[in-house]
Amino acid sequence: MEEDLNAILSEMTLEEKAAFCTGATAWSSTAVERLGIPEMIVADGPHGVRRMRDIHAVSQQSLPATCFPTASCSASTWDVDLLRQMGEALGEECIALDVDVLLGPGVNMKRSPLGGRNFEYFSEDPYLAGELAASFINGVQSRGVGTSLKHYAANNQESYRTRISVEVDERALREIYLPAFEKAVKQARPWTVMGSYNKVNGMFTSEHRPLLTEILREEWGFEGVIVSDWSAVHDRVASLKAGLDWEMPGPQDRHVKALVEAVRSGELDEATLDEAVRRLLRVVFKAKETPKGGSFDGDAHHELARKIAAEGMVLLKNNGLLPLKEKQTLAVIGRAAKSAHFQGGGSSHINATKVTVPFEELQSRVAHAGLTYAEGYPEDGSYRQELIDQAVEIARSAEVAILFIALPAFKESEGYDRQDLDLTQQQSALIQAVAKAQPKTVVVLNNGAPVGMREWLDAVPAVLEGWMMGQAGGAALIDILFGRVAPCGKLPETFPLKLSDTPAYINWPGDAEKVSYGEGIFIGYRYYEKKQMPVLFPFGHGLSYTTFEYSNASVSAKAFKDIEGLTVSVDVTNTGSRPGKEVVQLYVHDRASELMRPEKELKGFAKVELQPGETRTVSIGLDSRAFAYYHPRYRQWITEDGDFDLLIGASSADIRCRLTVTLESTVTLPCLLNVESTVGDWLADPRGRAVLGPHYEKLEAESRKVSGDSHEESALGMDIMDMFKGMPLVSVVLFQ
Ligand code: BGC
């Protein structure tokens, strides 16, 4: 195959090569008929196939496809198998809809709950996001269809997204913003990676050689195509040189010309262009190995969407009201009961094959219960007291009230960030009024990111986070509310008490030029735990209709070398009377380290299904990376000798078992000592200590002779040796 590609490449003219590296239309690559190079068709992602009828149209109603739950919901399943199945189904739909590459998944971190596109992303935790994304990609690609892992990198807000420079330190980039990409690239080899619109530390990611070539290709071994986000290329020559192979959408005659001229003038080495062409040719021909056309099993995919939705919904609170009994009269309140809010706005918006509507599901499946309905709140966000009054009236005369509350699209979508965590004023007032009239009130939320609940949470006995639940979400909701399926979703992000508590609060969204990621590695639960701040619902939280007990935690070795890794095991028992699924979460805590580290970090998880009374042993592996952190001075991942706590729990705040292990590091660090290094640095490094140690000890002994052990008796009334330790070697020399 490589020989064939080289033969084709050698036949291509400079103009053809430059044009090939740019799209032909909004959604296709440039075909070169003369040489038998076919076009390749892409479509959005990530939770459905948005295949345009007209390949030239940037936006129009797309062909019908299954709208699976958005990433906020699918991530709450913490279920890599389900994500794989979703990927497989999407791959099949791509084949039927003549799509070669699906533009997803998105693995950007949820730096702030305000991010307008958070519903398209998995988590605030890079480990969880990376695991889910890898499985999703493996699923799609198992069908012979490509994926586009996006948006690389540090694209965490919509405000000024096309020009903002993300000012982020290297450690935060490596530990928080890149690892989900890294894992997905290494474990699942996506065919393509999509860049982002923003700049990172002053440089557009589309022109960022360190990100595109040095890290993605050279360090992680990515061999596929790097494609621009749509219209994210500013300087085509610079972007190609940096490693961006394919510009989308097309055509872009001006950019094609610029490439040709740059080669002619010698500014761009033709071999660089050839490399990009070769990479794109590889993917285009690979795509064509999978014949397209036919149909997909819409009913089976709808059922899969329903399963994912049911497992992704998170039971946030339940004071015994849920599951509901079928023979109760129900007051169904809220527009979202009749007008299902199941996806977000923007490029991921799917033309669903069918939609299950909660109210209709209630009518057909809970037929014997008396149902009444009130709209509760208007579509436009205005305040209408009469709608609240009507809702209160029906709530009062029913046995239970179900409130369907959807965050309106004007508050949450691609293209803009949220301004606050609030529901509309009317929605909040509605919940409070209904809860007052009907103590048995359950709130069902449809939104893509955390909302504030302080005004009403105490007043209602049950809250179900239904997320943007996909086209079958209405059926899944009824499954959960009436106990036909036990809830098992866990939050992939923290629900804060209030906006001003959030880690990025004072650095959001920056000015139009720059945003400082001042919180560094401390986003999400890493921040709240370090600051010992209470939250509304912690990362990993989610209730069930049954209960689980954890026991017999054990580890394969108490002392180990980092490269050997460990296996942690724990018994989980279903101690309730219903079947259920539990997500066992494993966090690692480094007891002592040179640089500050989080209180705990998720490094493994497993989902287990248990019948009442059943016990299973869950085992989770930890590799050396689970204990490592990125050291900006050495510019590499390091482990340090010492004790680590292994925390096994049902959420980040509900740790059930603790183990302690001792790690021996096998990392050899380069010797970075020089005259500017402090005496302390010299002494901390065995190589430095060998040189400086004897002198230091002599000095220390002399200083003791003068002052004894008391600082007060020394000439300066202080521990002079401690001061020395903080001084650069050069200053100590000058000091004498
Ligand atoms: C979005 C991408 C999307 C592309 C094509 C861009 O605006 O950021 O996520 O894949 O458009 O629709």
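Everything below is about the structure printed above this text.
The sections below set out a description of the structure shown in this document. No experiment lies behind these values; they were computed from the predicted model shown. (Residues numbered from 1 in each chain as written. Predicted model: local features only at pLDDT ≥ 70, side-chain atom pairs only at ≥ 80, totals over all residues. Heavy atoms only, no water.)

**Looking at the packing of helix H1 (residues 2-11) against helix H11 (residues 270-288)**
Then, in step 1: Axis separation between H1 and H11 bottoms out at 10 Å; the angle between their running directions is 125°. Between H1 and H11, the crossing angle belongs to the class labelled oblique. Judged by the sense of rotation from one axis to the other, the crossing of H1 with H11 is right-handed. Contacts from Glu2, Leu5, Asn6, Ile8 and Leu9 in H1 reach Asp274, Val277, Arg278, Leu281, Arg282 and Phe285 in H11.
Then, in step 2: Of the residues contributing to the contact of H1 with H11, the split by class is six nonpolar, one polar and four charged. (Axes fitted to C-alpha atoms, helices over the stretch in contact; angles between N-to-C directions. Helix = DSSP H or I, 4+ residues; strand = E, 2+ residues; numbered from the N terminus. Parallel < 35°, antiparallel > 145°, perpendicular 65-115°, else oblique. Left-handed = near helix turned anticlockwise from the far one by under 90°. Contact = heavy atoms within 4.5 Å. Nonpolar A, V, L, I, M, F, W, Y, C, P; charged D, E, K, R; others polar.)

**A closer look at helix H14 (residues 385-397)**
Then, in step 1: With 13 residues, H14 should reach 18 Å at 1.5 Å per residue; the first-to-last C-alpha distance of 19 Å fits that figure.
Then, in step 2: Those residues of H14 lying buried are Leu387, Ile388, Ala391, Val392, Ile394 and Ala395. (Expected span 1.5 Å × (residues − 1). Buried < 20%, exposed > 50% of the residue type's maximum accessible area, 1.4 Å probe, protein only.)

**A short note on the site of the ligand**
Then, in step 1: For the ligand, the set of nearby residues contains 14 residues, the closest of which are Asp44, Arg117, His151, Tyr197 and Asp229.
Then, in step 2: Between His151 and the ligand, the recorded distance is 2.7 Å, taken from a side-chain N or O atom to an oxygen atom.
Then, in step 3: Starting from 310 Å² of accessible surface for the ligand in isolation, the protein chains cover 93%.
Then, in step 4: Residue composition of the shell around the ligand, grouped by class: five nonpolar, two polar and seven charged. (Near = heavy atom within 4 Å. Polar contact = N/O pair within 3.5 Å; in protein donor to acceptor, adjacent residues only side chain to side chain. Areas by Shrake-Rupley, 256 points an atom, 1.4 Å probe, with all protein chains shown as cover.)

**A short note on unusual backbone geometry**
Then, in step 1: Looking along the chain, the bond that leaves Lys150 and enters His151 is cis, with omega of -10°.
Then, in step 2: Within the secondary structure layout, His151 lies in strand E3 (residues 146-152).
Then, in step 3: Each neighbour pair has its own omega, and for Leu322 with Pro323 the value is -5°, a cis peptide bond.
Then, in step 4: Assignment of secondary structure puts Pro323 in the loop between strand E9 (314-318) and strand E10 (330-333).

**Details of the nonpolar core**
Then, in step 1: Core analysis: the largest hydrophobic core is formed by 151 residues, its most contacted members being Tyr152, Ile333, Phe404, Met453, Trp456 and Leu481.
Then, in step 2: If one sorts the elements of this core by residue count, helix H5 (residues 126-141) sits on top with nine residues.
Then, in step 3: In this structure Ile333 touches Ala374, Gly376, Ala391, Ile394, Ala395, Ala401, Ile402, Leu403, Phe404, Leu430 and Val434, once residues within four positions along its chain are discounted.
Then, in step 4: Counting 45 residues, the second largest nonpolar core, distinct from the first, contains Val42, Met52, Val225 and Val283. (Core = buried A, V, L, I, M, F, W, Y, C linked by side-chain atoms within 4.5 Å.)

**Overview of the pattern of salt bridges**
Then, in step 1: Within the structure shown, the criterion is met by 59 salt bridges.
Then, in step 2: Between Asp100 and Lys292 there is a salt bridge, and its shortest N-O distance comes to 2.8 Å. With Asp100 in the loop between helix H4 (80-96) and strand E2 (101-103) and Lys292 in the loop between H11 and helix H12 (298-312), this residue pair connects regions lying 192 residues apart in the sequence.
Then, in step 3: On the basis of relative accessible area, Asp100 is assigned to the buried category, the value being 0%.
Then, in step 4: Salt bridges sharing partners connect three or more residues here, namely Arg117, Glu120, Glu158, Arg161 and Glu414. (Salt bridge = Lys/Arg side-chain N within 4 Å of Asp/Glu carboxyl O.)

**Examining the sheet that holds E10**
Then, in step 1: Within the open sheet, the six strands sit side by side as E9-E14-E13-E12-E10-E11. Their pairing is mixed. Both outer strands of the open sheet, E9 and strand E11 (371-374), are each paired with one neighbouring strand and no more. For this sheet the average axis-to-axis angle between neighbouring strands, irrespective of direction, equals 15°.
Then, in step 2: Bridge count between strand E12 (residues 400-406) and strand E13 (residues 441-446): six bridges; the pairing is parallel. Counted as the bridge partner of Ala401 is Thr441 from E13.
Then, in step 3: The sheet strands contacting helix H15 (residues 425-437) are E10, E12 and E13, and the helix crosses E12 at an angle near 175°. (Pairing = 2+ DSSP bridges.)

**Some thoughts on the packing of aromatic side chains**
Then, in step 1: On inspection of all chains with the given rule, the structure shows 16 aromatic pairs.
Then, in step 2: Between Tyr630 and Trp637, the aromatic rings sit 5.9 Å apart at their centres with planes inclined by 80°, giving edge-to-face as the arrangement.
Then, in step 3: Given a relative accessible area of 2%, Tyr630 falls into the buried group.
Then, in step 4: By way of ring pairs, the aromatic residues Trp78, Tyr127, Tyr525, Phe539, Tyr587 and Phe605 are connected into one cluster. (Phe/Tyr/Trp six-rings, centres within 6.5 Å; stacked < 30°, edge-to-face > 60°.)

Fair warning: the whole summary comes from geometry, so function is off the table for now.
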